[in-house]
Amino acid sequence: MKNTADFYYDVIVVGGGHAGCEAASASANIGAKTCLITMDMNKIAQMSCNPAVGGIAKGQIVREIDAMGGQMGMVTDRTAIQFRMLNKGKGPAVWSPRAQCDRGKFIWEWRRTLDHTPNLDIWQDQADELIVEHGEAVGVTTIWGVTFCAKAVVITAGTFLNGLMHIGHHKVPGGRCAEPASYHLAESIARWGVKTGRMKTGTPVRLDKRTIHFEDTTEQPGDTDFHQFSFMGVQHALKPLPCWTCETNAKVHEILRSDLANSPLYNGQIQSTGPRYCPSIETKLVTFPDRDHHPLFIEPEGEDTNEMYLNGFSSSMPMETQLRALHEIPALRDVKAYRPGYAIEYDYFDPTQLKHSLESKVIPGLFLAGQVNGTTGYEEAAGQGLMAGINAALKCAGSDPVVLKRDEAYIGVLIDDLTTKGVDEPYRMFTSRAEYRILLRQDNADARLTEMFYKLGLVHRDRYDWWLQKKEAIGRIVDFCDNTNVKPTTINGYAESLGTTPLRFGCKISELIGRPQLTIAKLADILPDLKAVVEAPENRKEEIAEAAEILIKYKGYIARELVVADKMRRLENIRIKGHFHYSDLHEISIEGRQKLERIDPETLAEASRIPGVSPSDINVLLVLMGR
């Protein structure tokens, strides 16, 4: 293969979505000469569905990306038009940040970020063929006949691989509304033995704000406190906007049910599997036949547009059916649409054929990230893209890959789930998927990850210095509360006014903070010495106080989970790859042998998480390892 000097790189990233942007940025920031190939430079990081970032568990992933030196959190904060911390009524293990963003400004903020990233080129074109030599990925060719050579290739093609869109009986090839699909890239990868499958996702109708009766909705304002995505304190530059809620009704359901025969999901037109946790409105009617209403959320697409996103009404029903049903909702009785909802089918690759580094086990040098691995969601894609970009760059430098463990990050849980369990439907992250979620809180992502990725070179010095300052301030507050006594006469009157039991004897401040009714902020109002300690770091003192309070209130739970995580880490240290011919181990169940043979896990802990591998199978392997 001829190497063209202008088109020779360390890392090539194919696809300019959320995974591709993080992959390209991370690779270049580590020092690899990187090229991002995208179909349309004006749609970098396009939000194909909802113009929002974060949500349950997804918000934790974005905080982790930010703590690791990624860009999604800062881009989100700069383009947010509403921010909310979800699950605040529950424990901090499940608090999850979410932001509604200006779709257009989000794209251009990402474009500005990439344009100012050293070592990074952008090329507008469509990758058409993966080049493999001597069994390794060494580049791609494009539809314009350009050959790009590289030491590593990262594919992040989203829903574009053989994409097919559906509205009623109409089928239109495409990777996204008004954008072409990629027809040959998936086949050029699959011919080398990479297994493919087919999945489906969808998006709702877009509405004209001027035709909505907001008097028949309930307004949903955002939060106005200190919370945000980036640990770097990026300011919210845009005007906050509300969202609104309404709901479907029996007449809406009747119209939709009467036309299910024309739904691609129920007439056999779509055969692939859709996302269980983001179902279409017609799927909701079939799955929950007794429900007479479903909630809908009207969300702005930006601060300068009348386009509104109807969250909860994803559909591929005929356009006329969608509009007739919407007109039966009081708030939408006169609504006009910019475009109907549609479904899209696309190819993905079996993620169990990937290493935990996201490098292919079949084609060395090929990394896969995002929806091509069977996931759904911008955040899951971005987290994979960040890790794929990092590990592709490290491979070029001859360094070992970085693999996050399940007790270190939600991103570690995500990648471990994909590579050991695989997918039979689009994968979505939830807090329930993480067995160590009290350790993986959104508030402590920097404590878990910033130092690790500073040593790697992805986190810049200013971010690391801020973490050290914050760490010292948190430690000072915790130490003060653990070692400072409070007398009953000082606190009892205030304690009783808040409905908590008065003290009979003096106690440490940390013991008071352990009570549900009391917080550091409340106690600082009556304890001047505590107030002085809390306000000492003027830079984002609320964030620091909250982090310290969580450590104090949940000290016992955190300690217990650390013990459990430490026990599991011992299994992570027992490496079994290459030690066994599983088909010969008749002491193990047939299913266990088949699954172990197919996935070939690196460690005993990884083997224990494979569906179909029983605890008794693990015990057999332990005995055979002499443990």
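Located above this text is the structure these notes cover.
Quick look at the structure, then.

Calculation criteria
- Residues numbered from 1 in each chain as written.
- Predicted model: local features only at pLDDT ≥ 70, side-chain atom pairs only at ≥ 80, totals over all residues.
- Heavy atoms only, no water.
- Helix = DSSP H or I, 4+ residues; strand = E, 2+ residues; numbered from the N terminus.
- Rg over C-alpha atoms; globule rule 2.2 N^0.38 Å.
- Buried < 20%, exposed > 50% of the residue type's maximum accessible area, 1.4 Å probe, protein only.
- Contact = heavy atoms within 4.5 Å.
- Areas by Shrake-Rupley, 256 points an atom, 1.4 Å probe, with all protein chains shown as cover.
- Phe/Tyr/Trp six-rings, centres within 6.5 Å; stacked < 30°, edge-to-face > 60°.
- Lys NZ or Arg CZ within 6 Å of the ring centre and 35° of its normal.
- 1 Å grid on protein atoms, 1.4 Å probe; cavity = no way out; pocket = protein on both sides within 12 Å on 5 of 7 lines; lining within 4 Å.
- Points joined across faces, edges and corners; volume = space filled by probe spheres on them.
- Nonpolar A, V, L, I, M, F, W, Y, C, P; charged D, E, K, R; others polar.
- Axes fitted to C-alpha atoms, helices over the stretch in contact; angles between N-to-C directions.
- Parallel < 35°, antiparallel > 145°, perpendicular 65-115°, else oblique.
- Left-handed = near helix turned anticlockwise from the far one by under 90°.
- Polar contact = N/O pair within 3.5 Å; in protein donor to acceptor, adjacent residues only side chain to side chain.
- Pairing = 2+ DSSP bridges.
- Core = buried A, V, L, I, M, F, W, Y, C linked by side-chain atoms within 4.5 Å.
- Disulfide = S-S within 2.5 Å.

Notes on the overall build of the protein chain
So, point 1. For the protein chain, the helix and strand inventory stands at 21 helices and 21 strands.
So, point 2. In terms of overall dimensions, the protein chain is globule-like: its C-alpha atoms have a radius of gyration of 26 Å, near the 25 Å expected for 627 residues.
So, point 3. On the principal axes, the C-alpha backbone points of the protein chain span a range of 80 × 70 × 55 Å.
So, point 4. Looking at the 627 residues of the protein chain, the share that counts as buried comes to 58%.
So, point 5. In the protein chain, once contacts between residues fewer than 6 apart in sequence are set aside, the share between residues at least 24 apart is 74%.
So, point 6. Carbon and sulfur atoms make up 52% of the accessible area of the protein chain, which amounts to about 25,700 Å² in all.

Quick notes on the packing of aromatic side chains
So, point 1. Considering all chains together, one arrives at 10 aromatic pairs under this definition.
So, point 2. Consider the rings of F83 and F229, whose centres lie 5.6 Å apart with planes at 75°: the pair is edge-to-face. Here F229 lies in the loop between β13 (218–220) and β14 (243–247) and F83 lies in strand β4 (residues 80–86), a separation of 146 residues in the sequence.
So, point 3. Geometrically, the ring pair formed by Y554 and Y557 is tilted, given 6.2 Å between the ring centres and 45° between the ring planes.
So, point 4. Owing to a relative accessible area of 24%, Y554 belongs among the partly exposed residues under this scheme.
So, point 5. Pairwise contacts between aromatic rings join F7, Y9, W123 and F148 into one cluster.
So, point 6. Cation over ring: R63 sits above F231, and NZ or CZ is 3.8 Å from the ring centre.
So, point 7. Over the ring of Y427 we find R433; its NZ or CZ atom is 4.2 Å from the centre of that ring.

Quick notes on empty space enclosed by the protein
So, point 1. Scanning the entire structure with this criterion turns up four cavities of 30 Å³ or more.
So, point 2. Within this model, the largest cavity holds a volume of roughly 90 Å³.
So, point 3. If you go around the largest cavity, the residues you meet are R63, F226, H227, Q228, S230, F231, Q442, D443, E543, E546 and A547.
So, point 4. For the lining of the largest cavity, the class distribution of residues is three nonpolar, four polar and four charged.

Topic: the packing of helix α2 (residues 58–67) against helix α9 (residues 378–396)
So, point 1. Two elements in contact, α2 and α9, have axes whose closest approach is 9 Å; the angle formed by their N-to-C orientations is 30°. Here α2 is positioned roughly parallel relative to α9, judged by the angle of their axes. Our pair here, α2 against α9, has a crossing hand that is left-handed. Here K58, I61, V62 and I65 of α2 lie close against α9, whose contacting residues are E379, E380, A382, G383 and L386.
So, point 2. The class makeup of the residues in the contact of α2 with α9 is five nonpolar, one polar and three charged.

Quick notes on the environment of R98
So, point 1. Mapped onto the fold, R98 is located in strand β5 (residues 96–101).
So, point 2. With sequence-adjacent residues up to four places away left out, R98 is seen in contact with N50, A52, V53, G54, G55, Q82, F83, R84, L86, F229, E299 and N311.
So, point 3. Here the side chain of R98 touches Q100 through a polar contact of 3.3 Å, side chain to side chain.
So, point 4. A polar side-chain atom of R98 sits 3.3 Å from a polar atom in the side chain of E299.

Overview of the pairing of strand β9 (residues 147–155)
So, point 1. Extensive coverage of β9 is indicated by the burial of seven of its nine residues.
So, point 2. As paired strands, strand β8 (residues 136–142) and β9 are joined by three bridges and run antiparallel to one another. Within the sheet, the bridge partner assigned to T141 lies in β9 and is T147.
So, point 3. Counted between consecutive antiparallel strands, the loop separating β8 from β9 contains four residues, among which G145 sits at a positive phi close to 80°.
So, point 4. When β9 meets strand β19 (residues 366–368), the two strands line up parallel, connected through three bridges. Bridging across to β19, I155 finds its partner in L368.

So, the sheet that holds strand β3 (residues 52–54)
Where strands meet in a sheet, backbone hydrogen bonds hold them as pairs that are either parallel or antiparallel.
So, point 1. Overall, antiparallel pairing links the three strands, which are arranged β3-β5-β4 in an open sheet. The open sheet has two free edges, formed respectively by β3 and β4, since each of these has just one partner strand. Between one strand and the next, the sheet's axes are offset by a mean angle of 15°, whatever the strand orientation.
So, point 2. Sheet topology places β3 next to β5; three bridges connect them, and they run antiparallel. The partner of V53 across the bridge, within β5, is A99.
So, point 3. Contacts from α2 reach β3 and β5 within the one sheet, and its direction differs from that of β5 by about 85°.

A few points about the nonpolar core
For soluble globular proteins, the rule of thumb is that nonpolar side chains tend to be buried together.
So, point 1. If you look at the biggest cluster of nonpolar residues, it comprises 102 residues, and the most contacted ones within it are L130, F148, I155, M387, I390, I411 and F453.
So, point 2. Setting aside residues up to four positions removed in sequence, I390 forms contacts with A26, I30, V402, F453, L456 and L458.
So, point 3. Counting 28 residues, the second largest nonpolar core, distinct from the first, contains W466, C481, L503 and I552.

Observations concerning the environment of G222
So, point 1. Within the secondary structure, G222 is located in the loop between β13 and β14.
So, point 2. Sequence separation between G222 and G475 is 253 residues; the distance between their C-alpha atoms is 31 Å.
So, point 3. Not counting residues up to four positions away in its chain, the partners in contact with G222 are Q82, F83 and R84.

Some thoughts on the pairing of β14
So, point 1. Taken together, the three bridges between β13 and β14 define a ladder with antiparallel strand orientation. Residue pairing for β14: E219 is matched across the bridge by W244.
So, point 2. Sheet analysis places β14 next to strand β15 (residues 295–300), joined by four bridges and oriented antiparallel. Bridging from a neighbouring strand, T245 pairs with F297 of β15.

What to know about unusual backbone geometry
Outside of glycine, negative phi angles account for most residues, and trans bonds account for most peptide bonds.
So, point 1. In this structure, A57 is a non-glycine residue whose phi angle is positive, near 70°.
So, point 2. In this model, L358 sits at a positive phi of 75°, which is unusual for a non-glycine residue.
So, point 3. With respect to the helices and strands, L358 occurs in the loop between β18 (342–349) and β19.
So, point 4. Overall, the relative accessible area of 1% leaves L358 in the buried class.

Quick notes on the state of the cysteines
So, point 1. Inspection of every chain in the model, using the stated rule, returns zero disulfides.
So, point 2. No disulfide involves C396; its sulfur sits 13 Å from the nearest other cysteine sulfur, which is in C149.
So, point 3. C396 sits in the buried class, given a relative accessible area of 18%.

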